[in-house]
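Descriptive structure summary
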Amino acid sequence: MATPGPTQLPYRVSPVIAGESITDAASRSSYRRENPADVHQIVTDTVEASLADVRAAVQAARDIFDGPPANWTQNTQLRRQVLLETGRLLRENTEALAQMMCLEIGMPIRLSRPHISAAADVFEFYAGYVGKSYGSAIQLPDGSMIDMLREPVGVVGIIVPWNFPFKQAARKLAPALAVGCTVVVKPSPYTNACTQELIRILAAAGAPDGVANFVPGASPEIGAALTADPGVDKISFTGSTGVGVMVQKSASDTLKRTSLELGGKNPCLVFEDADLAAAANGLTFGMFLNSGQACGSVSRLIVHRSVHDELLTRVEEILAGLRLGSPQDSATSFGPVVAKSQQERILGFLDRARADGLSIRIGGGVPAGAAYSNGYFVEPTIVDDVPPTHELAQDEVFGPVLAVLQFETDDEAVALANDTAFGLTAAIWTTDHARGLRVARRVRAGTIWINDNYQQNPEGIWGGYKMSGTGRELSPHGLYDMTEVKEIYSDGTGLAMKPLYRQVLND
Ligand code: NAD
């Protein structure tokens with residue numbers, strides 16, 4: 001199979017249910033997605049799923065999951081082959097897929113390409129786990145056995161955001177399919193083409209019809225219908241904390257299992273003994289990757305007062321050498337933000353920061369020039385001396401805006417790091433490793449990097465403390481989150497009248 005290239009715009013998208021593309025636009029709504037770097041270009045044209053399509057997609061996934069085990073749930077050979085082949089097809093189509101992502105969300109092409117191989121890595125990693133979701137067993141004193149098995153949780157509703165469409169979907173799809181679940185995937189409307197392409201690749205890799213269904217829809221009703229559907233056993237959601245809370249509430253009516261990967265307000269702590277050249281590189285990468293639109297992005301620099309000036313000068317020098325512009329240009333580091341609403345939201349934060357008298361040290365608005373007038377661009381921005389209670393130090397901006405706070409003691413640094421509702425990631429820069437470990441133990445976040453930023457590997461975990469979510473993705477933990485544990489008790493006594501029965505029965 002070949003992914004359509006950027007000369008074939010607009011990409012055509014429609015729901016996929018039991019292997020069939022539903023292209024009947026007459027009875028469904030449609031959605032057209034513009035290129036965020038050039039809003040006059042329509043990139044994707046989508047026939048959206050109806051509520052009836054969501055029900056049909058869930059039923060299709062149910063039919064396979066509840067059908068003959070040899071077809072899917074117990075067919076380890078097929079599942080391993082599907083995951084491996086998906087990884088291979090992602091790699092084979094890297095250029096076209098990277099261009100698609102670049103056009104749909106404005107991700108710079110130099111970031112889009114490695115993002116595709118990162119998604120392939122996840123499929124290949126979990127291919128190695130197919131048939132290996134080991135349980136445990138214990139023998140009782142009377143010879144009876146208790147086996148505790150990990151079984152697939154069932155039909156999984158996968159709801160994903162737009163910011164890393166292949167990798168985020170991969171982190172849910174790969175472990176779900178590895179253990180034998182079936183899925184219904186609801187993408188962000190901004191990335192309908194990317195997510196549809198992943199579903200097409202899974203089919204081309206040999207996933208039977210109905211294993212992976214696809215229900216695009218811009219209306220919140222589509223995701224909400226999935227979270228409420230009694231045919232869904234688990235919701236695996238990545239998105240904002242506000243929507244995550246709604247998902248949790250809706251899923252609780254049918255006691256669905258949920259994993260929620262939500263927002264962050266991630267601190268980067270730079271101590272006075274840090275290697276400042278390395279810290280400046282790591283910090284600049286970690287905060288402006290994908291124009292700050294990454295859940296684990298650094299959004300608060302918490303820096304020791306004695307190195308504040310030198311560190312920020314170094315960051316400014318690095319930023320001066322990086323290009324903001326067309327995402328399709330390989331020299332570009334920063335593209336546009338994803339949508340007009342997001343651009344307006346970020347600029348709103350900056351307007352309020354100015355009105356509150358905060359010091360915008362660098363950037364702070366829309367870049368000037370014709371090259372930026374047709375897209376949703378925002379300058380990389382650093383706001384200095386932000387009070388810890390200010391919204392810029394507390395709320396997720398999800399854009400290229402760094403809030404700078406200062407500390408003097410380690411206790412102060414830890415208190416500032418923990419002083420938000422979130423707990424997704426944190427970075428610690430120090431040349432004293434023991435100090436780094438001590439601080440890491442005290443910061444309440446799911447992932448802590450010491451002398452690095454934004455490293456993500458399938459072998460490690462991803463997930464949040466506090467309002468950043470529940471559950472863990474990647475690693476064997478991501479696999480376990482797609483399973484239920486079942487006990488099978490086998491009698492080892494052979495007795496017709498067991499001691500337990502005497503609590504009720506007579507000999
Ligand atoms: P969002 O919450 O607006 O949307 C996420 C998904 O939920 C989309 O597919 C959307 O259509 C769907 N949705 C909207 N309303 C719904 C409802 N009522 N019920 C069910 N589904 C619904 O988030 P977004 O703008 O697409 O993504 C950005 C957010 O995602 C940021 O907050 C970011 O931090 C977070 N994020 C978290 C992680 C992580 O791993 N923790 C990763 C990436 C992004």
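Here goes a summary of the coordinates provided. (Residues numbered from 1 in each chain as written. Predicted model: local features only at pLDDT ≥ 70, side-chain atom pairs only at ≥ 80, totals over all residues. Heavy atoms only, no water.)

Further remarks concern the pattern of salt bridges. Pairing between side chains becomes possible if they bear opposite charge and their charged atoms approach one another. Following the criterion strictly, the structure yields 30 salt bridges and no others. Notably, a salt bridge pairs E92 with R88, separated by 2.7 Å at the nearest N-O pair. With E92 and R88 both in helix α2 (residues 76-92) and four residues apart, the pair spans about one turn of that helix. Note that R323 and D329 form a salt bridge whose closest N and O atoms lie 2.6 Å from each other. The partly exposed category is assigned to D329, whose relative accessible area is 31%. Here the salt bridges share partners, and the residues they tie into one network are E272, D273, D410 and R435. (Salt bridge = Lys/Arg side-chain N within 4 Å of Asp/Glu carboxyl O. Helix = DSSP H or I, 4+ residues; strand = E, 2+ residues; numbered from the N terminus. Buried < 20%, exposed > 50% of the residue type's maximum accessible area, 1.4 Å probe, protein only.)

This part takes up the packing of helix α1 (residues 51-66) against helix α7 (residues 220-228). For the pair α1 and α7, the least separation of the axes is 10 Å and the interaxial angle reads 35°. In this structure, α1 crosses over α7, and the sense of that crossing is right-handed. Between α1 and α7, the contacting residues are L51, V54 and V58 on the first element and E221, I222, A225 and L226 on the second. Considering only residue class, the contact of α1 with α7 consists of six nonpolar, no polar and one charged. (Axes fitted to C-alpha atoms, helices over the stretch in contact; angles between N-to-C directions. Left-handed = near helix turned anticlockwise from the far one by under 90°. Contact = heavy atoms within 4.5 Å. Nonpolar A, V, L, I, M, F, W, Y, C, P; charged D, E, K, R; others polar.)

Turning our eyes to something else, we now look at the environment of A440. Secondary-structure assignment places A440 in helix α14 (residues 433-442). A sequence separation of 71 residues divides A440 from G369, and the C-alpha atoms of the two residues are 43 Å apart. Those residues in contact with A440, other than ones at most four positions away along the chain, are I428, I448 and I450.

Read these as geometric descriptors, not functional statements.
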